[in-house]
Amino acid sequence: MKMSDQEIASRIKSFAGWEVQDDRLTKTFRFHSYMEGVDFVNQIAAAAESLQHHPDLLLGYCQVKVAVTTHDEGGITEKDFELIRRIERG
Ligand SMILES: C[C@H](O)[C@H](O)[C@H]1CNC2=NC(N)=NC(=O)C2=N1
């Protein structure tokens, strides 16, 4: 069930550095090395698999761009917030 824009705008405030762009929750994480970004991608992948909810990831030099949306619903849902909570929790 897609969330309303108001609900999304309210909830995203609790997540430092996250933005809403084109129906996706997005954040760029920055690291001191390329391999730290690779490790981070693997950590996110494990969380995604356990939730069966998968982000789009762009691995760059010393950075990882994360974008989350619920493809089955065509927009942002509670599942997206659960995934970013897990990503931030580590
Ligand atoms: C069957 C499987 O659980 C579904 O296809 C899952 C897989 N991962 C998913 N990930 C995301 N981001 N959105 C989905 O709708 C989704 N659906």
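Scroll up to find the structure.
Residues numbered from 1 in each chain as written. Predicted model: local features only at pLDDT ≥ 70, side-chain atom pairs only at ≥ 80, totals over all residues. Heavy atoms only, no water.

*Asks:* I'm lost on helix α3 (residues 78–89) in this one. Help?
*Replies:* Each full turn of the α-helix corresponds to 3.6 residues, which orients residues three or four apart in the same direction. Between its first and last C-alpha, α3 extends 16 Å over 12 residues, near the 16 Å set by a 1.5 Å rise per residue. Along α3, the residues classified as buried are Asp80, Phe81, Leu83, Ile84 and Ile87. Axial view of α3: buried residues confined to an arc of 160 degrees, hence all on one face. Among the exposed residues of α3, those oriented more than 90 degrees off its buried face are Lys79 and Arg89. At the exit of α3 stands Gly90, carrying a positive phi of roughly 85 degrees. (Helix = DSSP H or I, 4+ residues; strand = E, 2+ residues; numbered from the N terminus. Expected span 1.5 Å × (residues − 1). Buried < 20%, exposed > 50% of the residue type's maximum accessible area, 1.4 Å probe, protein only. Arc of directions from axis to C-beta.)

*Asks:* For this particular structure, what's the right way to read a nonpolar patch on the surface?
*Replies:* A surface patch of nonpolar side chains, about 450 Å² in accessible area, is lined by Tyr34, Met35, Leu59 and Tyr61. Within the secondary structure, Tyr34 sits in helix α2 (residues 34–51). (Patch = residues over 30% accessible without salt bridge, like charges linked within 9 Å, V, L, I, M, F, W, Y side chains within 5 Å. Areas by Shrake-Rupley, 256 points an atom, 1.4 Å probe, with all protein chains shown as cover. Salt bridge = Lys/Arg side-chain N within 4 Å of Asp/Glu carboxyl O.)

*Asks:* I tried to follow the site of the ligand on my own but got confused; where do I start?
*Replies:* Near the ligand, the surroundings consist of Gln52, His53, His54, Thr69, Thr70, His71 and Asp72. His54 has a polar side-chain atom sitting 2.8 Å from a nitrogen atom of the ligand. At 3.2 Å from a nitrogen atom of the ligand is found a main-chain nitrogen or oxygen belonging to His71. Alone, the ligand offers 400 Å² of accessible surface; in the complex the protein occludes 64% of this. Residue classes in the shell around the ligand are distributed as no nonpolar, six polar and one charged. (Near = heavy atom within 4 Å. Polar contact = N/O pair within 3.5 Å; in protein donor to acceptor, adjacent residues only side chain to side chain. Nonpolar A, V, L, I, M, F, W, Y, C, P; charged D, E, K, R; others polar.)

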